[in-house]
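The lines below spell out each chain.
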Amino acid sequence: MGNKNKTISFRVNEDAFEALQAIAEERDISLSAVFRDYVDQLVEHDGQVEVVPEADLKARTDEGEDVSFPPTVEVPKRFVREHERLELEAEHLREQLEEYKAYVNDLQDRLEDEEEEILLLDELDDEDESYQLR
C-alpha cells in the first residue's frame, strides 16, 4: 500500500495570502511547498511548532534564551527505561486480556451448550424440594 498524497483546501484573507506568497518567493519555493514544509514540521513535532519571525528568533537568542529548531528535550535514561518497562507491561496486560476474553467466550459457549437447568441459590430458599449439587 503506497503513501498517497491528500489535498487540503481552506480560505485565507487577501493580506494573509499575499504574505504567504512573499514567504514563498523569499524562499524561492512554491506556495504549496510552504504549506507542505509547515505541515511536515507540525506532524514531526506532534503539533508543537511555533512560527516565529526571524527577527524575533534572533532577539530571543540575543536575550540568552536557548532557542533551537526543532526543539530538543533531554530525557533521563531512567525515564526511558521506565517507559520501556511500562510498554512491556502494557503488552503483557493486553495479551492477558485477550486470554481472559477467550476464556469468557469459551465459558459462554459451554453455558449455551449445556442443557441442564440452572438454579439460582436464592430461588432454592423459597422451595421445599431438595437438590443434589454435582
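Here the structure is shown first, and the text comes after it.
Residues numbered from 1 in each chain as written. Predicted model: local features only at pLDDT ≥ 70, side-chain atom pairs only at ≥ 80, totals over all residues. Heavy atoms only, no water.

Participant: Sorry if this is basic, but what is going on with the layout of surface pockets here?
Facilitator: To find the voids left in a structure, one rolls a probe of water-molecule size over its atoms. Considered as a void within the structure, the second largest pocket measures approximately 570 Å³ in volume. Taken together, 15 residues line the second largest pocket, and the ones lying closest to its centre are Lys6, Ile8, Ser32, Phe35 and Arg36. For the lining of the second largest pocket, the secondary-structure elements that each account for two or more residues are helix H1 (14-27) and helix H2 (31-44). By residue number, the principal contributor to the lining of the second largest pocket is H2, which donates six residues. The class makeup of the residues in the lining of the second largest pocket is eight nonpolar, three polar and four charged. (1 Å grid on protein atoms, 1.4 Å probe; cavity = no way out; pocket = protein on both sides within 12 Å on 5 of 7 lines; lining within 4 Å. Points joined across faces, edges and corners; volume = space filled by probe spheres on them. Helix = DSSP H or I, 4+ residues; strand = E, 2+ residues; numbered from the N terminus. Nonpolar A, V, L, I, M, F, W, Y, C, P; charged D, E, K, R; others polar.)

Participant: Whenever I open this one, the pattern of salt bridges confuses me. Can you help?
Facilitator: Between side chains of opposite charge, pairing is possible as soon as their charged atoms come close. Going through the model one piece at a time under the given rule, you end up with six salt bridges. Among the salt bridges present, the one from Arg85 reaches Glu82, with a minimum N-O distance of 2.7 Å. Of this pair, Arg85 and Glu82 both sit in helix H4 (residues 77-113), three residues apart, roughly one helical turn. Taking relative accessible area as the criterion, Arg85 reaches 40% and is therefore assigned partly exposed. Glu98 is paired through a salt bridge with Lys101; the nearest N and O atoms lie 4.0 Å apart. Of this pair, Glu98 and Lys101 both sit in helix H4, three residues apart, which is roughly one turn of the helix. Several salt bridges converge on common partners, so that one network encompasses Glu82, Arg85 and Glu89. (Salt bridge = Lys/Arg side-chain N within 4 Å of Asp/Glu carboxyl O. Buried < 20%, exposed > 50% of the residue type's maximum accessible area, 1.4 Å probe, protein only.)

Read these as geometric descriptors, not functional statements.
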